[in-house]
Amino acid sequence: MAEKNALSPEVKERLRKGFSEDWRKELRKSIPAKERMKMRRQKMPEREPEERNKDFHEVNLGLNEKAAVREAQRCLDCANPQCILGCPVGIDIPAFIKLIEIGDFVQSVRKIKETNSLPAICGRVCPQESQCEAVCTTKKATGVSVAIGNLERFASDYERIKGEVYIPSIPPSTGHKVAIIGAGPAGLTAAGDLAMKGHQVTIFEALHEAGGVLVYGIPEFRLPKGILQSEVDYLKKLGVELRTNFIVGLTATIDDLKREGFEAFFIGSGAGLPSFMRIPGENLVGVYSANEYLTRVNLMRAYAFPKYDTPVYLGKRAAVIGGGNVAMDSVRTAQRLGAEKATIVYRRSLVEMPARVEEVKHAEEEGIEFHFLTAPVRYIGDDKGRVRAMECIQMRLGEPDSSGRRRPVPIEGSEFTMEVDLVVVAIGQSPNPLIPQTTPQLKVGKWGNIEVDWDTMATSMEGVYAGGDIIRGGATVILAMGDARIAADSIHQYLSNKKRK
Amino acid sequence: MAKILKRERLVPNIHLLKVHAPKIAQKCKPGQFVIIMPDERGERIPLTVADWDKKEGSITTVVMVVGTSTHKLARLKSGDEVPVFVGPLGKPSEIEKFGTVICAGGCFGIGAIYPVARAMKEAGNRVITLIDVKANYLLYWEDKLREVSDEVYISARDSYYDCKNYIPKVLGEILKDKKRVDRVFSVGCTYLMYTCAEATRAYGIKTLVALNPIMVDGTGMCGACRVSVDGRTKFACVDGPEFDGHLVDWEELFSRRKTYFDDEIESLCYWERENFP
């Protein structure tokens, strides 16, 4: 898959200009780099594990102004900032951090919003340690990166809490109608970018709330719904129209929408059918896909049952299969819903876990147990068809596979049984089948993913672009947003060329 | 928000719900379903479409009152609005000229079977409709179904109708009479569909059942509705809802449908306490 690894000349020029502005020069001089490198990374304040693992309120509390400025001082404002390359949406990271350093928090968030319409979300859920923070110059020099994600979160929270959300001026309407399919991270990003270019944007969302995985998947304790709501409100203020309960492909096809005057399309329909391991007992009662488990709790508010009508199975001994962020979200949710024992069962070891470091740390602090190098081989039910136990096998790590991670190999004779009454399978999903099923002109890959030209995100249909999990299968919020930015640029180009014709 | 055009009690515990949904009415085909949420706190409930009117822009469904959310639906008045009414979902029924087709429906399935029977008739089939009710006072839409059927049999647990019986017995008798039947289509409660499939198994007549597992999103995302068909896991919302009844793992479906049995009672008690103190 193509990742951006070079900046365009215009972007480079813009960054250079920012870098050589007088105030930046002075600021660099005001504290010598040596002093900056001596400063300790500011700790993200968080709620105590014993308190937070019983409710759904946010775990991280956010840096205060003083801590944010201190943290911003750690950034060397280096001449060759790699962090920007590490960011899938190419935020001008040194610029926004230096604005925090001088205390201009409002300008700081505006700087971020030039390239990212959802900073309060990214500041919370991006895997910064493997992106911008991984290549941070301060990290190279001192071993500890600047807390870029925490600063992004700080700036956007500051703006929201102070109630000074800035609405940029939008160019006059181009008169072009663009349809965005899916109100998840990709769709919201594409909608924001295109609205800022003066296009008339409508988002079609199948569910009853906007947000996609941000609302049905990521729990309140990691991303409060109020934050998502204010990001969606921001898009509405940019002129984006949101139509929920509308399934493109079924309620109306892409061709129907063309007849209604939509000229370009972005498909961000996201995740589809959850993957299972095809082992005996997977359809027993009490065995969930992570998608269903989290959707019941988050979107349908099963945590507030019976005030809300949708129930969820409350396990006392919960096991979550998988090692990604979704697995961490599921296991911490199970614990918050009253599981006495909540366990991660992962077939590789800690170092191979794809989850964000912070999520694993939080889970450990909250008392989640980890069974590494373990995989289920079958689920055992009681006489009512409910899961009561899980037979597992132990693994050892063999040679690296195509993903570069060492392949788990079962150890013969190592089977053991674990008592469980709730299992959540969090091993990924395939792209949503509805658009491919109902749009035969679209070229689809062997995993059911829509095929795109990775430079432009163009699909095989003219004027139709795609990004996020519908092309990747299962990825992250920020990669989906990165795709959406590229696609939005391409759509803008497409519409501009069309106009000239 | 979708506007309720009409809500009426057809028979005790079964209600007709007609909703303003012009886009869905344009697209709807026999065998498809919609998902409705009665209010912001409700569950997302799948309902098979029982009729539609493109001109009026309406979708008609038949609801059986079971849990909290369906109780809420049964109390809607025309002019009320529901926050979610989305569709059409699922794959449409396979409609073609098979020859003789039996359409068998019970409880809410009497309504759900109607568009299929009508389409089968329009496609040139000889349509035999079997209606199952617990008792005579639970029968509805007999006239509508007679209009689109060549023959109609009604079975009930009381002695009021043709036979004091249960639907599979009627089905079995028709098949035993060596009447040529090319396809059977069954919709209703899980037990009814199961018994219909069992009745035709020995004759090897393809029997389609419109399964009704628990769903959440209904768009192929969550996997709540998975059913085992021919040893493979299928998702009823996007692969179905119709499957070959001879290949369905019925035991699994029965147990999965009972997942929230206790919760449903708790929820209903809570709702009654809150609303009818």
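A brief report on the enclosed structure follows. (Residues numbered from 1 in each chain as written. Chains lettered and ligands numbered in written order. Predicted model: local features only at pLDDT ≥ 70, side-chain atom pairs only at ≥ 80, totals over all residues. Heavy atoms only, no water.)

**Quick notes on the pattern of salt bridges**
Residue and element names in this part refer to chain A.
Piece 1. One pass over the full model with this rule turns up 57 salt bridges over all chains.
Piece 2. Between arginine 485 and aspartate 193 there is a salt bridge, and its shortest N-O distance comes to 3.0 Å. Of the two residues, arginine 485 sits in helix H21 (residues 477-500) while aspartate 193 sits in helix H12 (residues 185-196), which places them 292 residues apart along the sequence. With respect to class, arginine 485 is no different from aspartate 193; both count as buried. (Salt bridge = Lys/Arg side-chain N within 4 Å of Asp/Glu carboxyl O. Helix = DSSP H or I, 4+ residues; strand = E, 2+ residues; numbered from the N terminus. Buried < 20%, exposed > 50% of the residue type's maximum accessible area, 1.4 Å probe, protein only.)

**A word on the interface of chain B and chain A**
Size of an interface, as often reported, equals the accessible area lost when the parts are brought together.
Piece 1. Between chain B and chain A, the residue contacts involve 43 residues of the former and 48 residues of the latter.
Piece 2. In this assembly, chain B packs against chain A so that about 3900 Å² is buried in total across both faces, 56% of it on carbon and sulfur atoms.
Piece 3. For the interface between chain B and chain A, the tally reads three salt bridges.
Piece 4. For the pair chain B and chain A, the interface holds 21 residue pairs in polar contact (both at pLDDT 80 or more).
Piece 5. Taken together, the elements giving at least two residues each to the side of chain B that touches chain A come down to helix H1 (22-27), helix H2 (68-74), strand E7 (84-89), strand E14 (226-229), strand E15 (232-235), helix H8 (250-257) and helix H9 (261-275) of chain B.
Piece 6. Broken down by element, the residue count for the side of chain B that touches chain A peaks at five residues, all from E7(B). (Contact = heavy atoms within 4.5 Å. Buried area = accessible area lost by both parts, 1.4 Å probe. Polar contact = N/O pair within 3.5 Å; in protein donor to acceptor, adjacent residues only side chain to side chain.)

**Describing unusual backbone geometry**
Piece 1. Cis geometry is adopted by the peptide bond preceding A:Pro306, which originates at A:Phe305 and carries an omega value of 5°.
Piece 2. Within the secondary structure layout, A:Pro306 lies in the loop between helix H16 (290-297) and strand E7 (317-321).
Piece 3. At the junction of B:Gly240 and B:Pro241, the peptide bond is cis and its omega measures out at 10° in the coordinates.
Piece 4. By the element assignment, B:Pro241 lies in the loop between helix H7 (236-239) and strand E16 (242-244).
Piece 5. Positive phi outside glycine occurs at A:Arg301, with the angle close to 60°.
Piece 6. With respect to the element layout, A:Arg301 can be found in the loop between H16 and E7.
Piece 7. Residues other than glycine seldom take positive phi values, yet B:Cys107 does so here, at roughly 40°.
Piece 8. Structurally, B:Cys107 can be placed in the loop between strand E8 (100-106) and helix H3 (108-122).

**Examining the pairing of E8(B)**
Residue and element names in this part refer to chain B.
Piece 1. A large share of E8 lies buried, amounting to seven of its seven residues.
Piece 2. Neither face of E8 is open: one carries Thr100, Ile102, Ala104 and Gly106, the other Val101, Cys103 and Gly105, and all of them are buried.
Piece 3. Note that E8 and strand E9 (residues 126-133) share seven bridges and pair parallel. Paired with isoleucine 102 across the bridge in E9 is isoleucine 128.
Piece 4. In the classification by handedness, the crossover that spans E8, the intervening H3 and the parallel E9 is right-handed.
Piece 5. Where E8 lies against strand E12 (residues 183-187), five bridges are found, and the strand directions are parallel. By the bridge assignment for E12, cysteine 103 is matched with phenylalanine 185. (Pairing = 2+ DSSP bridges. Right-handed = clockwise from strand over helix to strand, strands pointing away.)

**Quick look at the sheet that holds strand E3 (residues 241-243) of chain A**
Residue and element names in this part refer to chain A.
Piece 1. One open sheet accounts for five strands, arranged E3-E2-E1-E4-E16; its pairing is parallel. Where the open sheet ends on each side, the last strands, each with one partner, are E3 and strand E16 (464-466). Across the sheet, the axes of successive neighbouring strands diverge by a mean angle of 20°, strand direction being ignored.
Piece 2. Judged from the four bridges that link them, strand E1 (residues 177-181) and strand E4 (residues 264-267) form a sheet pairing that is parallel. The residue bridging valine 178 from the neighbouring strand is alanine 264, located in E4.
Piece 3. Each of E1, strand E2 (200-204) and E4 touches H12; the most contacted strand, E2, lies at about 170° to it. (Axes fitted to C-alpha atoms, helices over the stretch in contact; angles between N-to-C directions.)

**So, the packing of helix H7 (residues 93-101) of chain A against helix H8 (residues 105-113) of chain A**
Residue and element names in this part refer to chain A.
Piece 1. Put simply, H7 and H8 touch, their axes get as near as 8 Å, and they point 170° apart. The orientation of H7 relative to H8 falls into the category roughly antiparallel. Residue-level inspection shows Ala95, Phe96, Leu99 and Ile100 of H7 in contact with H8, the latter providing Phe105, Gln107, Ser108, Lys111 and Ile112.
Piece 2. Its residues assigned to classes, the contact of H7 with H8 shows six nonpolar, two polar and one charged. (Parallel < 35°, antiparallel > 145°, perpendicular 65-115°, else oblique. Nonpolar A, V, L, I, M, F, W, Y, C, P; charged D, E, K, R; others polar.)

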